[in-house]
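# Observations on the three-dimensional arrangement
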Amino acid sequence: MTTRVKGRPEFYTAYAQDMAFLNTRPKQWGVVAIVAIAALLPMTVSDDLLKILGTGLVLAIGAIGLNLLTGFAGQVSLGHAFFVAVGAYTASWIAGDPDGRTVGLGITFMPLWILGAGVAAAIAGAVVAPLAVRLRGLYLAVVTLALVIIGGFVFTEWRSLSGGAQQGRDAPVPTILGADLTVDGAYTQEQKLYWLFLVVLIICAIFARNIGRSKIGRAFSAVRDRDVAAGVMGVELTKYKLIAFVLSSFYAGVCGSLLFVANGYFGPERFSGGMGLLLSVQFIAMILIGGVATVSGSIMGAMLIALLPRISSELPSFLPFITTASNEHPNIFEVEQAMYGVLIIAFLLFEPRGLFGVWHRVRTYWKSFPFSY
Amino acid sequence: MTELLSAVAAGLGQGSIYTLLALGFVIIYKSMGVISFAQPALMMAGAILVSYWSPKLGFWPAVILGGLAIAVVALVIERLAIRPMVGKAVFVIAIITIGVDIIVRVVAGAFVGTDPRSIGDPWGLGRWHIGGVAIQHRHAAAFIAAAVIVTLVAAFFRYTSIGLAMRAAALDQEAAMTQGVSVGVVFAVSWAMAGFLAAVAGVFAAAGNSLDQNLWIVGLAALPVIILGGLDSLLGAVVGGLVIGVVEALVRNYHSDIFPGIATNTGPLAPYVVMLLVLLVRPYGLFGTKEVERV
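Reading guide: rules and limits
Residues numbered from 1 in each chain as written. Chains lettered and ligands numbered in written order. Predicted model: local features only at pLDDT ≥ 70, side-chain atom pairs only at ≥ 80, totals over all residues. Heavy atoms only, no water. Helix = DSSP H or I, 4+ residues; strand = E, 2+ residues; numbered from the N terminus. Rg over C-alpha atoms; globule rule 2.2 N^0.38 Å. Contact = heavy atoms within 4.5 Å. Areas by Shrake-Rupley, 256 points an atom, 1.4 Å probe, with all protein chains shown as cover. Lys, Arg positive; Asp, Glu negative; His and termini not counted. Charge placed at Lys NZ, Arg CZ, Asp CG, Glu CD. pLDDT = per-residue confidence, 0-100. 1 Å grid on protein atoms, 1.4 Å probe; cavity = no way out; pocket = protein on both sides within 12 Å on 5 of 7 lines; lining within 4 Å. Points joined across faces, edges and corners; volume = space filled by probe spheres on them. Nonpolar A, V, L, I, M, F, W, Y, C, P; charged D, E, K, R; others polar. Phe/Tyr/Trp six-rings, centres within 6.5 Å; stacked < 30°, edge-to-face > 60°. Lys NZ or Arg CZ within 6 Å of the ring centre and 35° of its normal. Axes fitted to C-alpha atoms, helices over the stretch in contact; angles between N-to-C directions. Parallel < 35°, antiparallel > 145°, perpendicular 65-115°, else oblique. Buried < 20%, exposed > 50% of the residue type's maximum accessible area, 1.4 Å probe, protein only. Disulfide = S-S within 2.5 Å.

Per the secondary structure count, chain B includes twelve helices and two strands. Counting helices and strands in the order they occur from the N terminus, chain B gives α-α-α-α-β-β-α-α-α-α-α-α-α-α. For 295 residues, the compact-globule estimate of 2.2 N^0.38 gives 19 Å, and the C-alpha radius of gyration of chain B, at 19 Å, lies within 12% of that figure. Structurally, chain B occupies a C-alpha span of about 60 × 50 × 35 Å along its principal axes. Sequence-distant contacts in chain B: of pairs separated by 6 or more residues, those separated by 24 or more amount to 73%. Accessible surface computed for chain B: about 12400 Å², of which carbon and sulfur atoms make up 68%. Looking at charge distribution, chain B has the averaged site of its 15 positive side-chain charges lying 6 Å from that of its 13 negative ones.

Attention shifts here to the confidence of the model for chain B. The predicted model of chain B averages 88 in pLDDT, with 98% of residues at 70 or higher. Overall fold confidence for the complex sits at a pTM of 0.91, while the interface term, ipTM, reaches 0.88.

Enumeration over the complete set of coordinates arrives at four cavities of 30 Å³ or more. Quantified by volume, the largest cavity comes out at close to 160 Å³. Those elements that place two or more of their residues in the lining of the largest cavity are α12 (273-290) of chain A together with α4 (90-109) and α9 (215-220) of chain B. By residue number, the principal contributor to the lining of the largest cavity is α12 of chain A, which donates five residues. Looking at the lining of the largest cavity residue by residue, the classes come out as ten nonpolar, two polar and two charged. Estimates place the volume of the second largest cavity at around 60 Å³. Along the walls of the second largest cavity sit I27, K30, S31, F157, M166, R167 and A170 of chain B, which together make up its complete lining. A per-class count over the lining of the second largest cavity returns four nonpolar, one polar and two charged.

Moving on to the packing of aromatic side chains. Inspection of every chain in the model, using the stated rule, returns 20 aromatic pairs over all chains. The interplanar angle of 85° and the centroid separation of 6.5 Å between the aromatic rings of F250 of chain A and Y251 of chain A together place this pair among those described as edge-to-face. Taken together, F82, F83, Y89, F155, F260, F266 and F271 of chain A form an aromatic cluster joined through their ring pairs. In this structure, R117 of chain B packs its charged tip against the face of Y52 of chain B, placed 3.7 Å from the ring centre.

Residues and elements named next belong to chain A. Where helix α3 (residues 47-72) meets helix α11 (residues 237-259), the closest approach of the two axes is 7 Å, and the angle between their N-to-C directions is 170°. Judged by the inter-axis angle, α3 sits roughly antiparallel to α11. Residues T55, V58, L59, I61, G62, I64, G65, L66, L68 and L69 of α3 lie in contact with α11, whose contacting residues are A244, F245, L247, S248, Y251, V254, C255, L258 and L259.

Another point: the environment of P9 of chain A. Residues and elements named next belong to chain A. Position of P9 among the secondary structure elements: in the segment before α1 (15-18). Look at P9 and you get partly exposed, because its relative accessible area is 44%. For the pair P9 and L49, spaced 40 residues apart in sequence, the C-alpha separation works out to 38 Å. For P9, the contacting residues outside a window of four places in its chain are R4 and T24.

It is worth spelling out the state of the cysteines at this point. Residues and elements named next belong to chain A. What the rule picks out here adds up to zero disulfides over all chains. We note that C255 lacks a disulfide partner, and the nearest cysteine sulfur, in C204, lies 9.4 Å from it. Residue classification places C255 among the buried residues on the basis of a relative accessible area of 0%.

Working note: non-glycine residues mostly have negative phi, and peptide bonds are mostly trans. Residue and element names in this part refer to chain A. Residues F369 and P370 are joined by a peptide bond in cis, for which omega reads 5°. On the secondary structure map, P370 appears in the segment after α15 (354-367). The backbone phi angle of A293 is positive, close to 65°, even though this residue is not glycine. Here A293 shows up in the loop between α12 and α13 (295-314). A293 sits in the partly exposed class, given a relative accessible area of 22%.

This is the structure in structure tokens:
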């Protein structure tokens, strides 16, 4: 019998209970509460902040993807921006205006271009994976970095697709049953897009959480902890590294398809050279700050990174020596950039498990309160 | 033919810069087993520092002092951010160096300003013509400087006691410690050397150009070089640097013949493509030691 004992939330009578999706009552209520608060947030928060939070939700999808690859399977990738770019361009190609300046198929059915972007990025991941599975550790990091450099060049040059440097192209327009989400109606554009992103993120998060507690997830962990040992135990290294790459790229593609929807426009500069690498590093920062190999950590990290520009723009009122003028130093843009570096270093030095680790510590403290253990 | 030789000469000059940078990467990798992604930023910081000092002190004193100053910066980075992480996963340390890179780049970039800065080098764009082959002074200078520095580094590892200690630590850290080698000193010296090399490379990379944030992108091209040569091979850094430099210069020169349809020059992509092609055949680079896998 797999019954739960009343009043003993941590007492499991079956393995399935321990591995359940939300294995404790507080977790169940907690998740319900967080989702409810997240869903009701647009009613109270101003639109400009909501836009930032929406971007954070989209980035969280990409961060979950990178966490599947880097956190769960231990394959360091600095090339996440490339797969995000593949997704962004596929989505805008499928949904784009066929008669416009840039190529497009004119298929505006939203689930199709979101999934199409994911699948295209996954295919790109599958193409890269055979080279990547031969490499380990830092070699892999540098090779994936090369993807960003080469990909950025290709996208910039492919003018019919990307619109070319300094010009860019339109992002896909999200519509549900013919209703354009980017037009203010009963609810504003920011509110509607926020809800859209939230729904997609929840689907992606549940899927990732389920992968993490399945056979595939356990294989990933084995590969991460010691790939040779995993191979000896019968985990097919090539297969699972390939799966990790494909899954991670799929998430990146979905993230890319939605990333520019709020702006309605994006240029290839976003993915090439220094900016492309910065995007990759931002994703790395998200999973390290949030918490490696956790879905909730990816979301927390992505929200923090998305809020960083806003936080640094608020800083001058507290720290008067920081200016808002871009020709004086130190200005808020420099502070924002430097904060990525500072946060990465600080978290790795002092809290390697990230925000998830902070939460974990708080939780264990209160669990046994007032005793320290 | 003269066009080809001119391109090769320019490539050897550029390759010397890559060699200097790559040596720094390899020295750090050999001592700690980590790629320092902070090297490109240190290179940019070095060039910017020299551009401030050379009008006051003269070019050569500024290069030496700038190199030493960046070496001190690298020492501080190593002590504050890297040393506490010794023994942790190499990936984690590599990511920390990415964080360091961002910070150094932002701080150094704040001193670039909007006016184009010059490094104050004595060469400019002057060139010799030897039988129709154009050789730029700055490329010749970079090549000679790289040759001298590579010789000095090789001699340092071969003949000094700290060089011997570093070789011992690279071979087997624990065994070296039991023989009385201070691994901390080895780490510090390797970071200082890498910082100095990065600053010197930055000076040559900025010579003849105006100085801006794009110098950092040049520094990134040293990553394909070390992967091509093998992460733990000093010889690989030298050979890889020169090969990548020449290939890049050739592609840059003949770009319009090879790819007539592409407007932007494909030269900067060449290092990465060469790296990918070599990795398909040799996953540990040309001279890298194959990792022995033990469980």
